[in-house]
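The chain contents come next:
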Amino acid sequence: MGLLIIQSAFIAAIISTVFYFLSSRGNDKFIRFGRIFFHISVTGTILSASYLLYLIITHQFQFTYVWNYSSKSLPVNLLVSTFYAGQEGSFHLWAFMMSVLGIFLLQFLIKRDSFEKSQSHSVKKDYYESHVMLIYSLIQSFLLFVLILKSPYLYVWESFPKEAAVGFVPEDGRGLNPLLQNFWMTIHPPILFAGFTALTVPFCFAIAALIKNNYSKWMKLALPWTLFAGMILGLGIMLGGYWAYGVLGWGGYWGWDPVENSSLVPWIIIVAAIHTMVAEEKTGGFKKTSLTLSILAYVMVLYSTFLTRSGILGDASVHSFVDPGQEVYLFLVIFLTLFGGGGIALILFRLKSLGVNSDDKPVNILSRESALFTGAVTLMAISAVVAVGTSWPIISNGTVDIAFYNKMNLPLAIILTLVNGISILLAWKHTEEKRFLKSLYLPAIISVILTIILSVYAGKDILIGIFIATSLFALIINGRIGFNIFLKNKEKSGAYIAHFGIMILFLGIVGSSIYSEEVNLSLPLNEPKEALGYKITYKGSSPFKENAENKFHFNVVVEKEGKGFLLQPVMYYSEYSQGLMKNPDIANLVTKDFYLSPMSLEEPKEYSENDIVTIKRGEEKEIKGMKVKFLDFDRSKFSQESMQEGKENIIGAELEITSGYEKENLIAEQMMSQGETQQIPVKLQNNDRYTFYLTKVTVAGESEIDLAVTDDLMKTSTDAPEMLVLTASVKPFINFVWGGTIIMVLGFFYSLNGRYRKFKNEKSLNTVLLKKNNINERNGHHKKILNNHIQHTVHKNTD
C-alpha cells in the first residue's frame, strides 16, 4: 500500500508540473488544475509518511526498513526518529518537508499574484505562481521518484530472498545505531532537512525570474524565504556540532568531516546571497550575483546529497550512507545535472539581458554595497576552500588534513570580520571619508587593547591574534549600533544581532581551541589524582537503571577549592556495532566546560607478566612443575569471514600437559572482536589448582603462543585495583560558541519578522492607495456626467 501511495503522489506531481508548465506559457485556465494536482501530491506524500511512521511504531518488522533501523526496546522518541535513520527514510523526510513547505509557498504565491492582479498598473510578467510552482513541483517529482527506486516498503523476503521465506516476520528489529540513540537525533535531522528544503524556494524564484526574463520583483519575494533558509540551516548545522560535542567524545564540535562540510557550503553561499540581495534592494545592482548565488546554494545542496548518498564518501566520512545501488546513483547524477547544470546554463543564456540591469554601474569604494560585495566574495572563497577539501576523495581517492581547512580559511575569516565591521560604518552609495575614519578610532583602539591582553595568555599564532582583533572590532561596532537600533525598532536590528552573534561564535571557536587544556589520566579506583588544577577521583561503576545493553556509568568526582561535582562518562559493549561504545560527560561551569572522555577500563589481571611463557609450535617447556607442549592451533571455532567483518571469533591452542605420571590434553582459547582480545580461563580436569590463559597468538612465521599459567594456591590478595583510563580537558569560552549561535538565529528571526511586517505594511498601503484611486476615478466619472448634463441644459436653454 505504501508504494502505491508514493507512486500516486509522484504521478500527481508530474501532472501538476505539466499543468503549471502550460499555465506558464499563457494558458491561465490550467493553473487551477496545477494547484489541484499539487495538493493531491502533497496529500499522498504526507499520507505515505504517516503510514511509514505507523509501521515503525507498531513494529511491523516484515518490512526491511522497519526491521533494519528500529526495535522493540527503543523509547518512543527514538523509535520515531528511525523514520529518517536510513537512506530511504531520509529521502522521505525531504519529500515530506517539501510538501509541508509547498503548502505555505503556494498560498503565498496565490495571495501575492491576486494582489498584483488587483493593481491597475500590474502586468502579466509580475505573476510568479506558474513559474515558481513549475520548478518546485518538478523537484518534488524527482524526490518522489527516488522513493520509488529506493522504497522503504520492501518486505524482508524481497530484500533477502535466499534467507527469508515469503511471509516471514522477524521477532525484533536490528535497532538503531548506538551513536544515533540520543535526544538530538529527534531534532537535528528534521531541522537540517527543513533548511535544505527552504533553499528550494529562492532557487525556484531565481529560475522563474530567468525564465520570465524579468528581474524587478523576484528578489523582494525571495528574500524572506532566503532569510528563513539561512536561519534554519544554520541552526541545524550547529545542533549537529553540539550533538557531536556531547556524544562522540573526541572533545570537539566540528571535525571538517566531508558530510559536515556538505551542509556548511550551501549555508555559506546563501548567507552571501542574503547580503547581495540587500545591496540589490538598496542600489538596484548585483542582480547577476544574487541570482547566481541563490541557484548555486541549492546546487550545492544537490551536490551534498550526491556525495553523502551515492556511497562515494564511504571510506572518507563516518556520516555517509552506503552505496544505494546503480539506479539511484545514476538518478542522483541526473538530478544534480538537470537542476545544477540547467540553472547555471540559464544564467549564461540570460547573461546579455542581465548585463543591462545595473550590475555594471560603477560602485563607490567607500559605500556599504561595496563592502557587502567584498564580504560576499570572501564568503564564496571560504565555500570554495571547503568544497574542494570535501570533494578531494573524488579528485584523488584520499582526504585532506584538517589543517588544510584551518590554514586556508583563517586569512579569509580575518578579511570577513574586518569587512563586516567596516560595512556597518559605511552609508549606502557614498560615505564621507572624514566621518568614516573618525568612526573607526574607538572600536579599533578597544579591539587592539583587548587583543593584547588576550595574547599575553595565549601568544601562539600572530594570525590568531589578528583574527581575535578583527572579531572584537566587528563585535564592538555591531553591538554599539545594533543596541541603539534595537531600542528604536527591533525589526531593523536583525542584521546587527546576527553579526554580533557570529562574532561571539568566532571568539568562542578561538577561545575553546587555543586556551583549551587536555591531559590523559589513568585513575586507579578510589585513588585521587591532581590534573588541570582539579582533584579527580574514580569511584567505580554503576549500571543504568534500565540496563538492557549492559551500559555502565563510570563515576568520577572532580573537586576544587572545597567544591565538587560528579561526572559519569559511559562505556558499554554494543551488539549492534560489535564494539566498545564510549560517551563523554561534561560539567558546564559558565566560563568553561570540564570534559571527561573515557578511553578504557583496565581491570586487574588474573596473572602477572612473570606468569607468561612463550612456546613455539611443537616445543615443550616446564612451567610450575609441569611439562607443557604446544601441539597445534585449534581453529574449530574460528572463521576468517567473521574476522574480516569484525565479529566475535575464537582461536585456541591445543596443549599437552604432563604432571607427574598423568598426561592430559587441554585447549586454551582466546576471543577476538574489533581488534580487542579476551582470554578465556581453563583448568585441567584432574587438577584444578592451575589456570591457563592464552594471552597471545602468532600465526605468521614461526608459529608460537604466549601462555600464562597461574597457581591458585599461591595467589595473594595484593592485586592492583581496576583503573579507568580517560582524557580530561578544560574548554574555556565554549559557551560563546553555543551562545553566539543562539544570538545569530535570533538576528535572523528579527530580520525575517521585519521583512514580513514590511511586506504586510506595503500591501496595506497599496490597498489604501488603490481604494483612493478607485474613489477618485468614480468622482471623476460623476463630474464628467454632471458637466455633460450642464452643457446639455445650457444648449437647450439657448435654443
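Undergrad: Kindly report on the packing of helix α16 (residues 402–425) against helix α18 (residues 462–488), identifying the contributing residues and their values.
TA: For the pair α16 and α18, interaxial distance at closest approach is 8 Å and the crossing angle is 25 degrees. Of the possible angle classes, the one that applies to α16 and α18 is roughly parallel. In the crossing of α16 with α18, the sense of the turn from one axis to the other is left-handed. Here L410, A413, I414, T417, L418, N420, G421, I422, I424 and L425 of α16 lie close against α18, whose contacting residues are L463, I464, I466, F467, T470, S471, F473, A474, I477, N478, R480 and I481. Here the contact of α16 with α18 is built from residues that sort into 15 nonpolar, six polar and one charged.

Undergrad: Which residues make up a nonpolar patch on the surface, and what values do they have?
TA: Judged by side-chain polarity, V388, W392, I394 and I395 come together as a nonpolar surface patch covering roughly 340 Å² of accessible area. Tracing the backbone shows V388 in helix α15 (residues 368–396).

Undergrad: Quick one: what's the story with the sheet that holds strand β1 (residues 517–524), residue by residue and with numbers?
TA: Pairing is antiparallel in the open sheet, where four strands are placed in the order β1-β19-β9-β8. Of all strands in the sheet, those with a lone pairing partner are β1 and β8 (585–588), marking the two edges. Averaged over all adjacent pairs, the angle separating strand axes in this sheet is 20 degrees, with direction ignored. As defined by bridge partners, β1 adjoins strand β19 (residues 723–732) across eight bridges and the pair is classed as antiparallel. Along β19, the bridge assignment pairs S522 with V725.

Undergrad: Residue-level account of the side chain of N555, with values.
TA: By the element assignment, N555 lies in strand β4 (residues 552–560). Within polar-contact distance, the side chain of N555 engages the side chain of S542 at 3.3 Å. Non-local contacts of N555, meaning those with residues more than four positions away in its chain, are made with T537, Y538, K539, G540, S541, S542, L566, L567 and Q568.

Undergrad: Please give an account of the sheet that holds strand β17 (residues 690–698) that cites residues and values.
TA: Within a sheet, neighbouring strands are paired by backbone hydrogen bonds and run either parallel or antiparallel to one another. With antiparallel pairing, four strands are arranged side by side in an open sheet as β10-β18-β17-β16. With one partner strand each, in any of the chains shown, β10 (612–616) and β16 (682–683) form the two edges of the open sheet. Taken together, the five bridges between β10 and strand β18 (residues 704–711) define a ladder with antiparallel strand orientation. Residue pairing in the sheet places T614 in a bridge with D706 of β18.

Undergrad: An account of the confidence of the model for the chain is needed here, citing residue identities and associated values.
TA: Averaged over all residues, the pLDDT of the chain equals 84, while 86% of them reach at least 70. Across the chain, the secondary-structure element scoring lowest on mean pLDDT is helix α20 (residues 640–644), at 68, and the one scoring highest is helix α2 (residues 31–57), at 95. Taken as a whole, residues 316–322 scores under 50 in pLDDT and shows 25 contacts with residues more than four places along the chain or in a different chain. Contacts for the low-pLDDT stretch residues 356–360, under 50 throughout, to residues beyond four places or in other chains number twelve contacts.

Undergrad: Describe the environment of L410, listing the residues and the values that go with them.
TA: Along the chain, L410 falls in helix α16. Residues L410 and F467, 57 residues apart in the sequence, show an inter-C-alpha distance of 7.6 Å.

Undergrad: I'd love a proper account of the packing of aromatic side chains, names of residues and values included.
TA: With the rule as written, the count across this model stands at 41 aromatic pairs. Taken together through their ring pairs, the aromatic side chains of F183, W184, Y242, Y245, Y253, Y595 and W738 make up a single cluster. Just above the ring of Y534 sits the side chain of K560; from NZ or CZ to the centre is 4.8 Å.

Undergrad: Before we move on, can you summarise the environment of T17 with the specific residues and values?
TA: Along the chain, T17 turns up in helix α1 (residues 2–24). In sequence terms T17 and S130 are 113 residues apart; their C-alpha atoms lie 9.2 Å from each other. T17 has contacts with L134, S137, L138 and S141, leaving out every residue within four places of it along the chain.

Undergrad: An account of empty space enclosed by the protein is needed here, citing residue identities and associated values.
TA: Applying the stated criterion to the full structure yields two cavities of 30 Å³ or more. Together, N261, S262, V265, M300, Y303, S304, L307, A387 and T390 line the second largest cavity. Put simply, the parts of the chain that give the lining of the second largest cavity at least two residues each are α11 (258–283), α12 (287–309) and α15. The dominant element in the lining of the second largest cavity, judged by the number of residues it contributes, is α12, at four residues. Considered class by class, the residues forming the lining of the second largest cavity number five nonpolar, four polar and no charged.

How each quantity is defined
Residues numbered from 1 in each chain as written. Predicted model: local features only at pLDDT ≥ 70, side-chain atom pairs only at ≥ 80, totals over all residues. Heavy atoms only, no water. Axes fitted to C-alpha atoms, helices over the stretch in contact; angles between N-to-C directions. Helix = DSSP H or I, 4+ residues; strand = E, 2+ residues; numbered from the N terminus. Parallel < 35°, antiparallel > 145°, perpendicular 65-115°, else oblique. Left-handed = near helix turned anticlockwise from the far one by under 90°. Contact = heavy atoms within 4.5 Å. Nonpolar A, V, L, I, M, F, W, Y, C, P; charged D, E, K, R; others polar. Patch = residues over 30% accessible without salt bridge, like charges linked within 9 Å, V, L, I, M, F, W, Y side chains within 5 Å. Areas by Shrake-Rupley, 256 points an atom, 1.4 Å probe, with all protein chains shown as cover. Salt bridge = Lys/Arg side-chain N within 4 Å of Asp/Glu carboxyl O. Pairing = 2+ DSSP bridges. Polar contact = N/O pair within 3.5 Å; in protein donor to acceptor, adjacent residues only side chain to side chain. pLDDT = per-residue confidence, 0-100. Phe/Tyr/Trp six-rings, centres within 6.5 Å; stacked < 30°, edge-to-face > 60°. Lys NZ or Arg CZ within 6 Å of the ring centre and 35° of its normal. 1 Å grid on protein atoms, 1.4 Å probe; cavity = no way out; pocket = protein on both sides within 12 Å on 5 of 7 lines; lining within 4 Å. Points joined across faces, edges and corners; volume = space filled by probe spheres on them.

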